[in-house]
Amino acid sequence: KNEVEQSPQNLTAQEGEFITINCSYSVGISALHWLQQHPGGGIVSLFMLSSGKKKHGRLIATINIQEKHSSLHITASHPRDSAVYICAVTNTGKLIFGQGTTLQVKP
Amino acid sequence: EADIYQTPRYLVIGTGKKITLECSQTMGHDKMYWYQQDPGMELHLIHYSYGVNSTEKGDLSSESTVSRIRTEHFPLTLESARPSHTSQYLCASRAGTGVSGELFFGEGSRLTVL
């Protein structure tokens, strides 16, 4: 079992839908990162969380330390949100990545 | 905007050549990482560094080396390139722990070995 598990692996949505991507981890962490990678592109950091909730535009990230679970929400999704979303945790200085969630938003 | 740069962005070379992929960051970050990523696949850690003169091997390190002589510079060297090295190589950096630990990635170096 991977130390960082994401679900779903693939997600297709219609434009305007509310989207949730989940991340569960089994190790102790100092922080959790949500990253975005567009096809053929580099990786961009969306959020870094150690507790609670953060919001940036249409993106919201939450983390529950006790349950070892984080969610990334996208409100009013748009085709430009189509990308791979990656959850990563920092554990004793190392980064552990989830396998990524491929999101496609159709117009 | 991230201040982490990789060169070259694209490279096509023949088998057996020695290559160095460059990564530089101007944010003064201590922690730097090299990852290999095949299309549509997960990131695999090759090497990482926690500061000057500190380097550690990751999961895929056996055919490459790194150095960290200066904080801002973390080059990755393949001594003898093979077609199996064809992939995208991503460099990342991160400050210490806590709120300053946000991740920054370079644009990537896409390597093709013929």
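Residues numbered from 1 in each chain as written. Chains lettered and ligands numbered in written order. Predicted model: local features only at pLDDT ≥ 70, side-chain atom pairs only at ≥ 80, totals over all residues. Heavy atoms only, no water.

**Q** I'm lost on the overall build of chain A in this one. Help?
**A** Assigned secondary structure in chain A consists of zero helices and 11 strands. Secondary structure elements of chain A occur, N-terminal to C-terminal, as β-β-β-β-β-β-β-β-β-β-β. Scaling as 2.2 N^0.38, a compact globule of 107 residues should have a C-alpha radius of gyration of about 13 Å, and chain A matches this with 13 Å. Reported as C-alpha extents along the three principal axes, the dimensions of chain A are approximately 40 × 25 × 25 Å. When the 107 residues of chain A are sorted by exposure, 48% land in the buried category. (Helix = DSSP H or I, 4+ residues; strand = E, 2+ residues; numbered from the N terminus. Rg over C-alpha atoms; globule rule 2.2 N^0.38 Å. Buried < 20%, exposed > 50% of the residue type's maximum accessible area, 1.4 Å probe, protein only.)

**Q** Any chance you could explain the nonpolar core here in plain terms?
**A** One recurring pattern in soluble globular proteins is that nonpolar side chains are buried together. By size, the foremost hydrophobic cluster in this structure holds 24 residues, and its most contacted members are A:Leu32, A:Trp34, A:Leu72 and A:Tyr85. Leaving out residues up to four positions away in the same chain, A:Leu72 has contacts with A:Ile19, A:Thr20, A:Ile21, A:Trp34, A:Leu46, A:Phe47, A:Ile60, A:Ala61 and A:Tyr85. Counting residues in hydrophobic clusters, the runner-up holds 18 residues, among them B:Ile4, B:Ile19, B:Cys23 and B:Met32. (Core = buried A, V, L, I, M, F, W, Y, C linked by side-chain atoms within 4.5 Å. Contact = heavy atoms within 4.5 Å.)

**Q** Can you help me understand the interface of chain A and chain B in this one?
**A** Much of the literature gives interface size as the accessible area that the parts lose upon coming together. With 17 residues of chain A at the contact, the number on the chain B side is 22 residues. One can count zero salt bridges joining chain A with chain B. Inspection of the chain A/chain B interface yields one residue pair in polar contact (both at pLDDT 80 or more). Among the elements of the structure, strand 4 (31-37), strand 5 (43-49), strand 9 (83-91) and strand 10 (94-97) of chain A are those that each provide at least two residues to the side of chain A that touches chain B. Taken together, the residues of the side of chain A that touches chain B sort by class into six nonpolar, 10 polar and one charged. (Salt bridge = Lys/Arg side-chain N within 4 Å of Asp/Glu carboxyl O. Polar contact = N/O pair within 3.5 Å; in protein donor to acceptor, adjacent residues only side chain to side chain. Nonpolar A, V, L, I, M, F, W, Y, C, P; charged D, E, K, R; others polar.)

**Q** Looking at this structure, I do not really get the sheet that holds strand 3 (residues 19-25) of chain A. What am I missing?
**A** Adjacent strands of a sheet pair through backbone hydrogen bonds, lying either parallel or antiparallel. Residue and element names in this part refer to chain A. Here five strands make up an open sheet; going across it, the order is 1-3-8-7-6 and the pairing antiparallel. Each edge of the open sheet is held by one strand with a lone partner, namely strand 1 (4-7) and strand 6 (52-56). On average, each strand axis in the sheet is tilted by 15° relative to the strand beside it, whichever way the strands run. Examined bridge by bridge, strand 3 and strand 8 (residues 69-74) share six bridges and lie antiparallel to one another. (Pairing = 2+ DSSP bridges. Axes fitted to C-alpha atoms, helices over the stretch in contact; angles between N-to-C directions.)

**Q** What exactly am I supposed to notice about the environment of A:Leu35 here?
**A** Topologically, A:Leu35 is positioned in strand 4. Separated by 62 residues in the primary sequence, A:Leu35 and A:Phe97 have C-alpha atoms spaced 9.9 Å apart. Those residues within four positions of A:Leu35 in sequence are excluded, and the remaining contacts are A:Ile43, A:Val44, A:Ser45, A:Leu46, A:Val84, A:Tyr85, A:Ile86, A:Ala88, A:Phe97, B:Leu103 and B:Phe105.

**Q** Got a minute to help me understand the layout of surface pockets in this structure?
**A** A water-sized probe rolled over the atoms picks out the places where empty space is left. Approximately 430 Å³ is the volume found for the largest pocket. Along the walls of the largest pocket sit 22 residues, with A:Val84, B:Gln37, B:Pro39, B:Gly40 and B:Met41 positioned nearest its centre. Its residues assigned to classes, the lining of the largest pocket comprises six nonpolar, 13 polar and three charged. The calculated volume of the second largest pocket comes to roughly 350 Å³. Lining the second largest pocket are 14 residues, with A:Glu3, A:Leu95, A:Ile96, A:Phe97 and B:Asp59 positioned closest to its centre. Elements represented by at least two residues in the lining of the second largest pocket include exactly strand 10 of chain A together with strand 5 (43-51) of chain B. Considering each element in turn, the lining of the second largest pocket owes the most residues, four residues, to strand 10 of chain A. Grouping the constituent residues of the lining of the second largest pocket by class yields seven nonpolar, three polar and four charged. (1 Å grid on protein atoms, 1.4 Å probe; cavity = no way out; pocket = protein on both sides within 12 Å on 5 of 7 lines; lining within 4 Å. Points joined across faces, edges and corners; volume = space filled by probe spheres on them.)

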